[in-house]
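Architecture and fold: a report
Here are the chains, one letter per residue:
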Amino acid sequence: MEFTALLDKKKETVVEAWFEQVIQTYAPDTAIFYQNQKDAFANPVGSTTKKTLIKLFDALLDLQEDEPLADIIDPLIRVRAVQNFTPSQAVGFVYLLKPIVRKHFGKNQKKLKLDELLELESRIDGMALIGFDVFMACREQIYSMKSNTERNTIYKAFARAGLIKEVPADEPDPKFV
């Protein structure tokens, strides 16, 4: 039996184990809430995490991806980017899949070909790199928004204090005349 077929057969078990591992990267009280609250509206982080992991696992098995991995991993990385995760913590959840796969298929080692396992682990590594790119783009967007907010706040304060003079667009700037 092909390795991807074995993985697909155990998909629910593997994804559930992966979800539990990812949830453990949060504070204990938060992890318990994310794990136990099944309502998507009351627990959007847990719901987003679960949905994204399912899609990522499907993409991992499907060598002909319809949706780019960056689009699949984006919702979960976006959530983790606005939280107090370091880049390695935000993206590290991808690597948690490797030991889970080894654990669930360790007893089937004779059926597995080393090249299939290495191919899967290589795809997991690639997924993590894509996740890092998405994380950095999200953080850049956050810092840009903070910078713009700060700039606008300072500009408004200077304007209220009368320290800014607007030069009409049709009037030449006196510095250059």
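Residues numbered from 1 in each chain as written. Predicted model: local features only at pLDDT ≥ 70, side-chain atom pairs only at ≥ 80, totals over all residues. Heavy atoms only, no water.

Notes on the overall build of the protein
Put simply, the rule is: In this description a helix means any DSSP run of H or I spanning at least four residues, a strand means any run of E spanning at least two, and both kinds are numbered starting from the N terminus. Burial classification: accessible surface area is computed with a 1.4 Å probe over protein chains only, and a residue below 20% of its type maximum counts as buried, one above 50% as exposed, and the rest as partly exposed. Residues count as neighbours in contact if any of their non-hydrogen atoms are within 4.5 Å of one another. Residue-level accessible areas treat just the shown protein chains as cover; the underlying method is Shrake-Rupley with a 1.4 Å probe.
Along its length, the protein carries 8 helices and 0 strands. Along the protein, from the amino end to the carboxyl end, the secondary structure elements read α-α-α-α-α-α-α-α. A burial count over the protein gives 33% of its 177 residues as buried. Excluding contacts between residues fewer than 6 apart, the proportion of contacts in the protein whose partners are at least 24 apart in sequence is 73%. Accessible area of the protein: about 11500 Å², with a carbon and sulfur share of 56%.

Things to note about the pattern of salt bridges
Stated formally: Only one rule defines a salt bridge in this text: a Lys or Arg side-chain nitrogen within 4 Å of an Asp or Glu carboxyl oxygen.
In this structure the tally under the stated criterion is 5 salt bridges. In this structure, Glu16 engages Lys50 in a salt bridge whose closest nitrogen and oxygen atoms are separated by 2.4 Å. Taken together, the residues span a long stretch of sequence, with Glu16 in helix α2 (residues 11-23) and Lys50 in helix α4 (residues 44-61) at a distance of 34 residues. With a shortest N-O distance of 3.1 Å, Arg78 and Asp74 are connected by a salt bridge. Here Asp74 and Arg78 lie together in helix α5 (residues 69-81), a separation of 4 residues that amounts to about one turn. The partly exposed category is assigned to Arg78, whose relative accessible area is 37%.

Describing helix α7 (residues 97-105)
To keep things clear, this is the line we draw: Comment: arc refers to directions from the helix axis out to C-beta atoms.
Where α7 is concerned, the buried positions are Leu97, Lys98, Ile100, Val101, His104 and Phe105. Around the axis of α7, the buried residues are gathered within 165° of arc, so they sit on the same side. On its buried side, α7 packs onto α1 (3-9), α2, α4 and α8 (114-160).

Quick look at the packing of α4 against α5
Under the convention used in this document: Only the stretch in contact is used when a helix axis is fitted, and all axes are lines through C-alpha atoms; the angle between N-to-C directions ranges over 0 to 180 degrees. Should an angle lie under 35 degrees it is considered roughly parallel, over 145 roughly antiparallel, and from 65 to 115 roughly perpendicular; all remaining angles are considered oblique. Take the far helix as the reference: if the near one is turned anticlockwise from it by less than a right angle, the crossing is left-handed, and if turned clockwise, right-handed.
Two elements in contact, α4 and α5, have axes separated by 9 Å at closest approach and are oriented at 155°. The pairing of α4 with α5 is recorded here as roughly antiparallel in orientation. In the crossing of α4 with α5, the sense of the turn from one axis to the other is left-handed. Contacts between α4 and α5 involve Val45, Thr48, Thr49, Thr52, Leu53, Lys55, Leu56 and Ala59 from the first element and Leu69, Ile72, Ile73, Pro75, Leu76 and Val79 from the second.

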